[in-house]
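# Chains, contacts and geometry: an overview
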Amino acid sequence: MKKLLLNLGAVAQVMWAAAPAQAFNPVDGCFPSAVPRSLKAMNFNSVIRPSVPLEEIQKISQIFKETFAEDLARRGQVLKITLDESKTDFNAFAKVEGADRLIMVNARAMAFQAKMNPDVVGLVLCHELGHHLGGEPVVAEYDMSAEGQADYFATSKCMRRLLRTPYFQQNVQPVSLVYQSYCGAFLGRNDVADCARGLMAASVLAGITARINLQEPPAIEKSDQTRVVATEMAHPSAQCRLDTLRAGGLCHKSDELLMTRGFPNWGACLLRDSSLYEVRPACWYAPGSQWITLANEISF
Ligand SMILES: [Zn+2]
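As the structure is a computational prediction, the values presented were derived from the model and not from experiment. (Residues numbered from 1 in each chain as written. Predicted model: local features only at pLDDT ≥ 70, side-chain atom pairs only at ≥ 80, totals over all residues.)

### Re unusual backbone geometry
Working note: non-glycine residues mostly have negative phi, and peptide bonds are mostly trans. What counts here: Per the convention used, a helix needs a DSSP run of H or I reaching at least four residues, while a strand needs a run of E reaching at least two, with both numbered from the N terminus. With C-beta atoms placed from the backbone, a residue is buried if 20 or more other C-beta atoms are within 10 Å of its own, exposed if 12 or fewer are, and partly exposed between those counts.
Note that the residue after Glu 136, namely Pro 137, is joined by a cis bond; omega there is 0°. Topologically, Pro 137 is positioned in the loop between helix H4 (118–133) and strand E4 (138–139). Backbone geometry at Asp 143 places phi at a positive 60°, although glycine is not the residue there. Here Asp 143 lies in the loop between E4 and strand E5 (144–145). Positive phi outside glycine occurs at Leu 214, with the angle close to 55°. Along the polypeptide, Leu 214 turns up in the loop between helix H8 (192–212) and helix H9 (238–250). Assessed through the 10 C-beta atoms surrounding it within 10 Å, Leu 214 is described here as exposed.

### Considerations on H8
Where we set the bar: By definition here, a helix of n residues has an expected span of 1.5 Å times n minus one.
The end-to-end C-alpha separation of H8 is 31 Å, in line with the 30 Å expected for 21 residues at 1.5 Å each. Backbone geometry just downstream of H8 places Leu 214 in the positive-phi region, at approximately 55°.

### With respect to the packing of helix H2 (residues 54–73) against H4
Between two packed helices, both the angle of their axes relative to each other and the distance between the axes serve to describe the pair. Heads up, the rule is: Note on method: axes are straight lines fitted to C-alpha atoms, helices fitted across the in-contact stretch only, with angles between N-to-C directions ranging 0 to 180 degrees. Every angle not falling under 35 degrees, over 145, or within 65 to 115 is termed oblique; those three ranges are roughly parallel, roughly antiparallel and roughly perpendicular. Take the far helix as the reference: if the near one is turned anticlockwise from it by less than a right angle, the crossing is left-handed, and if turned clockwise, right-handed. Contacts here follow a simple rule: the backbone-placed C-beta atoms of the two residues must lie within 7 Å. Residue classes follow a fixed rule: Ala, Val, Leu, Ile, Met, Phe, Trp, Tyr, Cys and Pro count as nonpolar, while Asp, Glu, Lys and Arg count as charged, and any other residue, Gly among them, counts as polar.
It is the contact of H2 with H4, at a shortest axis distance of 10 Å, that shows an interaxial angle of 30°. Comparing their axes, H4 and H2 come out roughly parallel. Crossing angle aside, the handedness with which H2 passes H4 is right-handed. Along the contact surface, H2 presents Glu 56, Ile 57, Ile 60, Ser 61, Phe 64, Phe 68, Asp 71 and Leu 72, while H4 presents Pro 118, Val 121, Gly 122, Leu 125, Leu 129, His 132 and Leu 133. Partitioned by chemical class, the residues of the contact of H2 with H4 number 10 nonpolar, 3 polar and 2 charged.

By themselves, these are just geometric observations and shouldn't be taken as functional.
Rendered as structure tokens:
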């Protein structure tokens, strides 16, 4: 009985910790910082020379557009990517303007991030595309997928296709065996290496997210133990974001099975047909609850 009470106490604590801290707001961007404005230079992470030159980021963004513009065109939408070279804080944004589906990246701040490489640039763009093509849960007010869903789409659908393009096949990033071991479910298929690259890029991006929010560095072998009772539409913790990116990268469903509005299970790995490591993690996703969250967020 004592053990049961202790467990219930732990559950209550987790639920309390899981209370939504912020509403989904695309104006804040996808990688908002908790660092005070006066210390925003920290976001540069003090590398003197760019980890990825601006010209390379421009090239990657062009390849990205060529790879995915057709997906939006089929919906009567136009993919537009803007690289802002004036902002000093690391961030990226998605926005809807009529038929235009915008992706905006603070490219200079991205270039000067330590550990940044073309795969991570691709992953940031994939996250932004995930707001447009990631499917449910969708924040109806902004007509965009939730933050966690954009992360899940990024590694389960977008990165796989992007890494198959000639540019990324020719610019192979060295990947440690640790990441390859996580992709064991893909053994025997050609995409083990791409899966590992996706996870490695995910680790770098989640690490940046943690640093600019003064959070503990996330680790690929750890998991956020938070259990939400209603789907979190805004940003989960950096560790939770890494858990989600890892789940997307390990999800065995084809990247051709697309996600779409109105069908939260389409294209996603589910507990009934997948392992726990492939499904959207409970640190932000509560199956079936998003409609309640949405109703709370929409102002009638
Ligand atoms: Zn986002």
